[in-house]
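Okay, here's what each chain looks like letter by letter:
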Amino acid sequence: MKRLLRYEIKRNLLPLAVFTAIDCLIVGIVNSTTELFYTSPPPGLGMTDAVSHFPRSPLLAAPTTMLVLLCAVVPVMQFSFRMKARGADLWYSLPVRREKLLLARAIGGLALVLIPYTAAYWLGFLIIVCRENYFVLSGYPLYYLATLPAGILLFGFYAFLFSRANGVGDGIVCMIAWTLALPLLFLYLSNAFYSPDASAIHPDPYELVPFGLIIRLSDIFTLSIGAESVSARSVQTLAWLIPIAAAEGIGGYAGLLLTARRQKAEDSEQLFSSLWGYKTFLPYFIAMIASLIDFEDLTVAVIWCALLLVGGFIGFVAYRRSFRLRGRDILSLLIAFAVGVLLSVLGSKLSSGMF
Amino acid sequence: MIELKNVHKSFGQKRVLGGIGLRIPDGSVFGLVGINGAGKSTLLRLLAGVLRADEGSILFDGEEIFENERKKRTLFLLPDDPFYTTGTTAEKLIELYGTFYDFDKNVFAEYARKFSIRRKDPVRNFSKGMKRQLFIALALACKPKYLLLDEAFDGLDPLARLEFKRGLLSLNEEYGCTAVISSHSLRELEDICSDFALLDGGMIADGGGIQNALDNICKFQIALPHEAKREDFPFECLSFEATGRVAKIVVRGDREETVKKIETLSPLFIEEIPVDFEELFLCEVKARGYLQ
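Owing to the predicted nature of the structure, the values given are computational and were not obtained by experimental measurement.

1. Some points on the overall build of chain A
Move 1: Helix and strand counts for chain A come out as 14 helices and two strands.
Move 2: Structurally, chain A occupies a C-alpha span of about 70 × 65 × 30 Å along its principal axes.
Move 3: Buried positions account for 47% of the 355 residues belonging to chain A.
Move 4: Within chain A, contacts between residues separated by at least 24 positions form 77% of all contacts whose residues are at least 6 apart in sequence.
Move 5: For chain A, the accessible surface area stands at approximately 16,900 Å², while carbon and sulfur atoms represent 71% of it.
Move 6: Averaging the positions of the 27 positive and the 21 negative side-chain charges in chain A gives two centres separated by 17 Å.

So this is what it looks like as structure tokens:
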């Protein structure tokens with residue numbers, strides 16, 4: 001394992017240098033050129049406030065965005081080795097067990113994510129410290145420490161999703177699809193079961209993307225570093241987001257390593273027929289999107305339905321890589337659409353209090 | 001020893017190998033032959049632990065090979081189209097294989113010199129033959145106990161083929177390396193292989209020692225006093241060709257007995273022609289209906 005890790009580090013030295021340079025450049029430019037404070041109160045703050053300098057955003061967005069991007073891009077680099085038949089022949093013929101290979105790739109990937117993030121983050125912090133600012137600087141190390149486990153979990157989740165596919169394109173589609181899966185469900189549920197009290201403690205659907213925890217942490221620390229008060233709701237939604245992120249991340253790592261042995265070299269470049277693939281998320285998305293269509297305005301609803309069915313058809317064509325779909329694909333499309341329409345009708349009745 | 005016991009492999013609904021049983025003794029150079037799509041590459045990938053057999057077992061010195069890290073350190077697979085990334089150079093490949101094998105840089109240097117391999121140039125700029133030479137040099141430098149080669153001679157010029165055969169035989173003699181070679185260059189296989197297996201329809205159709213197999217078949221050119229027809233030869237022939245009064249037959253069995261059978265036809269002359277491995281292969285595939 002040591003030799004494998006050493007080789008993995010050596011192999012990734014150049015990409016590591018490139019990612020670190022790009023990350024530092026972007027964060028450095030943003031932090032050097034952005035205004036760090038207002039000299040008049042920002043909108044929403046009354047003129048009665050006696051302080052003449054008001055902190056602007058503490059510029060957590062740049063390093064945070066780079067962290068999330070790296071967590072999505074690096075799994076594609078690290079786990080695409082088995083998605084070409086020739087690559088699978090090489091790596092699976094070498095004297096290394098598949099679990100060890102994936103573990104080494106995961107460790108290498110984490111280095112590719114965390115080292116550039118760390119370098120850029122602290123460079124950005126240094127720039128801010130050297131400039132005139134009105135921030136609560138102790139918030140920066142805390143935010144960094146909070147995002148480390150969040151980033152590690154996000155990387156694990158995306159690594160698992162990407163590696164379910166048999167091709168790079170399908171892997172990227174899988175990552176995007178499952179990123180939107182939970183938010184779509186909660187969007188439907190929040191429409192159907194909306195109540196002012198409930199929205200106070202559960203997250204908004206958009207926060208349920210896999211990087212939702214990082215976004216929420218960024219919001220909280222942006223306010224606290226800027227010496228603004230953090231709402232109770234912001235902190236309370238962490239009670240949802242932390243377990244979801246932990247389940248996704250830990251599940252991702254466990255799934256990645258426990259299913260290593262079952263990965264087949266002969267699946268390289270083949271259709272993505274896994275349960276994590278098109279045959280699950282296509283019907284799911286069709287049903288969920290259909291459930292969000294408002295059928296009260298029938299004209300508009302018909303247009304949306306037509307677009308959805310065409311989109312679903314295109315999705316299945318992308319899955320099969322052919323226009324010759326199977327009977328079960330069409331059936332799956334139609335059943336999912338029907339379920340979605342039913343859910344939409346049910347949802348509108350629930351939200352209007354008819355049940 | 002490599003042992004395959006009742007090995008089955010299918011890809012979806014397509015059965016590729018259906019019940020392969022094979023023993024490859026230590027120190028042998030074993031040729032794997034068959035028509036395109038016979039399952040040779042699949043068998044090599046199963047032996048290398050790249051694929052997992054659906055049924056049966058593949059044993060190296062009594063141990064299952066699949067996911068056996070320790071045993072796989074003694075094994076090297078050279079596929080017909082080896083993988084490399086865009087910027088890979090020979091140096092980077094040495095690093096890769098040096099991580100997993102006991103890589104002998106002196107052996108590589110020797111073959112790099114013989115094949116004129118440019119170590120720092122990107123492999124993507126090499127010709128097909130040069131890539132093959134590079135990977136052969138890497139394979140030989142790893143000094144594996146078991147060397148699995150898919151389309152070993154593909155793309156190699158005659159000189160490179162000679163160097164490769166010498167290198168392989170040297171590895172075999174000095175280190176007792178067992179090589180399993182799949183190739184369509186049957187003349188080359190005949191030079192170096194001691195044993196062979198002919199794959200057909202996912203099964204081993206023929207096999208054993210090459211010399212035994214060649215000793216067991218004879219080819220005769222016979223001139224008859226009349227137009228030669230197949231019916232004139234009332235015994236089993238692997239192959240029959242006739243041009244006018246001259247017939248060429250390939251027969252499996254005892255040479256003396258075959259000559260006696262031919263003499264009963266009162267031929268004008270009988271001439272025995274040497275049979276090579278390629279001819280044996282062609283006769284076998286003809287007998288199986290692949291060649292009309």
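2. What about the pattern of salt bridges?
Move 1: Per the stated rule, a full pass over the model turns up 39 salt bridges over all chains.
Move 2: Residues Glu266(A) and Lys9(B) are paired through a salt bridge, measuring 2.6 Å at the closest nitrogen-oxygen approach. Within this pair, whereas Glu266(A) is found in the loop between α11 (238-258) and α12 (278-291), its partner Lys9(B) is found in strand β1 (residues 2-11), the two belonging to separate chains. No difference in accessibility class separates Glu266(A) from Lys9(B), as the two residues are buried.
Move 3: Linking Glu63(B) and Arg70(B) is a salt bridge whose minimum nitrogen-to-oxygen distance equals 2.6 Å.
Move 4: Residue class for Glu63(B) comes out partly exposed when judged on its relative accessible area of 25%.

3. Brief notes about the domain arrangement of chain A
All names here are of chain A.
Move 1: Domain annotation of chain A identifies domain 1 (2-168 + 191-270) and domain 2 (277-355).
Move 2: Between domain 1 and domain 2, the C-alpha centre-to-centre distance is 32 Å.
Move 3: Taken together, the five residues of domain 1 in the interface contact five residues of domain 2.
Move 4: The largest per-residue losses of area from domain 1 upon contact with domain 2 belong to Asn 191, Ala 192 and Phe 193, which jointly make up 73% of the total buried on that side.
Move 5: Across the domain 1-domain 2 interface, the total number found is zero salt bridges.
Move 6: On the surface where domain 1 and domain 2 come into contact, there are two residue pairs in polar contact (both at pLDDT 80 or more).
Move 7: Each residue belonging to the side of domain 1 that touches domain 2 can be placed in one class, and the counts come to two nonpolar, two polar and one charged.

4. Thoughts on the packing of helix α13 (residues 298-320) of chain A against helix α14 (residues 327-351) of chain A
All names here are of chain A.
Move 1: For the pair α13 and α14, the least separation of the axes is 11 Å and the interaxial angle reads 145°. Crossing of α13 over α14 shows right-handed handedness. Counting all contacts with α13, which are made through Cys 305, Leu 308, Leu 309, Gly 312, Phe 313, Phe 316, Tyr 319 and Arg 320, the residues of α14 involved are Arg 328, Asp 329, Ser 332, Leu 333 and Phe 337.
Move 2: In terms of residue class, the contact of α13 with α14 is made up of eight nonpolar, two polar and three charged.

5. Notes on the packing of aromatic side chains
Move 1: Going through the model one piece at a time under the given rule, you end up with 35 aromatic pairs over all chains.
Move 2: The interplanar angle of 50° and the centroid separation of 6.5 Å between the aromatic rings of Phe316(A) and Tyr319(A) together place this pair among those described as tilted. Of this pair, Phe316(A) and Tyr319(A) both sit in helix α13, separated by three residues, roughly a single helical turn.
Move 3: Taking relative accessible area as the criterion, Phe316(A) reaches 1% and is therefore assigned buried.
Move 4: On the accessibility criterion, Tyr319(A) (3% relative accessible area) is buried.
Move 5: Measuring from ring centre to ring centre gives 5.1 Å for Phe196(B) and Phe277(B), while their planes differ by 75°; the resulting arrangement is edge-to-face.

6. Some words on the nonpolar core
Move 1: The biggest cluster of nonpolar side chains holds 177 residues, and the ones touching the most others in it are Trp91(A), Tyr97(B), Phe108(B), Leu147(B) and Ile181(B).
Move 2: Looking at this core element by element, the count peaks at 13 residues for helix α6 (residues 139-162) of chain A.
Move 3: Ignoring anything within four residues of it in the chain, the contact list for Trp91(A) reads Tyr7(A), Phe81(A), Val96(A), Leu101(A), Arg105(A), Phe83(B), Leu96(B) and Phe100(B).
Move 4: The next biggest cluster of nonpolar side chains, apart from the first, holds 14 residues, and it includes Ala228(B), Phe235(B), Ile249(B) and Val259(B).

Conventions used here
In every chain, residue numbers begin from 1 and rise along the written sequence. Numbering of ligands from 1 and lettering of chains from A proceed in the order in which they are written. At least 70 in pLDDT is required for a residue's local features to be given in this predicted model, at least 80 for side-chain atom pairs to be given and counted, and no such filter applies to totals for whole chains, interfaces and linings, which use all residues. Where side-chain values are given, they derive from all heavy atoms of the structure, hydrogens and water being excluded. Counting from the N terminus, the helices are the DSSP runs of H or I reaching at least four residues and the strands are the DSSP runs of E reaching at least two. Buried residues are those whose accessible area, probed at 1.4 Å on protein chains only, stays under 20% of the maximum for their type, while exposed residues exceed 50% and partly exposed ones sit between those limits. Contacts between residues were defined by any pair of non-hydrogen atoms, one from each residue, lying within 4.5 Å. Only the protein chains shown count as cover for residues, and all accessible areas are computed by the Shrake-Rupley method using a 1.4 Å probe. Positive charges come from Lys and Arg, negative ones from Asp and Glu, while His and the chain ends are left out of the count. To locate a charge, take NZ of a lysine, CZ of an arginine, CG of an aspartate or CD of a glutamate. A pairing counts as a salt bridge when a side-chain nitrogen of Lys or Arg comes within 4 Å of a carboxyl oxygen of Asp or Glu. Each domain's extent is set by a domain assignment, obtained either automatically or from a database. Buried area is a sum: the accessible area each of two parts loses on coming together, probed at 1.4 Å, counted once for each and added. Polar contacts, as counted here, are pairs of nitrogen or oxygen atoms within 3.5 Å of one another; within protein the pair requires one atom able to donate a hydrogen and one able to accept it, and residues that are adjacent in sequence qualify only if both atoms are side-chain atoms. Asp, Glu, Lys and Arg are counted as charged, while Ala, Val, Leu, Ile, Met, Phe, Trp, Tyr, Cys and Pro are counted as nonpolar; the rest, among them Gly, fall into the polar class. Axes here refer to lines fitted to C-alpha atoms; in helices the fit is confined to the stretch in contact. Angles between the N-to-C directions go from 0 to 180 degrees. Take the far helix as the reference: if the near one is turned anticlockwise from it by less than a right angle, the crossing is left-handed, and if turned clockwise, right-handed. Pairing of aromatic rings covers Phe, Tyr and Trp, the last counted by its six-membered ring, and requires centre-to-centre distances within 6.5 Å; plane angles under 30 degrees mean stacked, over 60 mean edge-to-face, and any other angle means tilted. Side-chain atoms within 4.5 Å are what join buried Ala, Val, Leu, Ile, Met, Phe, Trp, Tyr and Cys residues into a set we call a nonpolar core.

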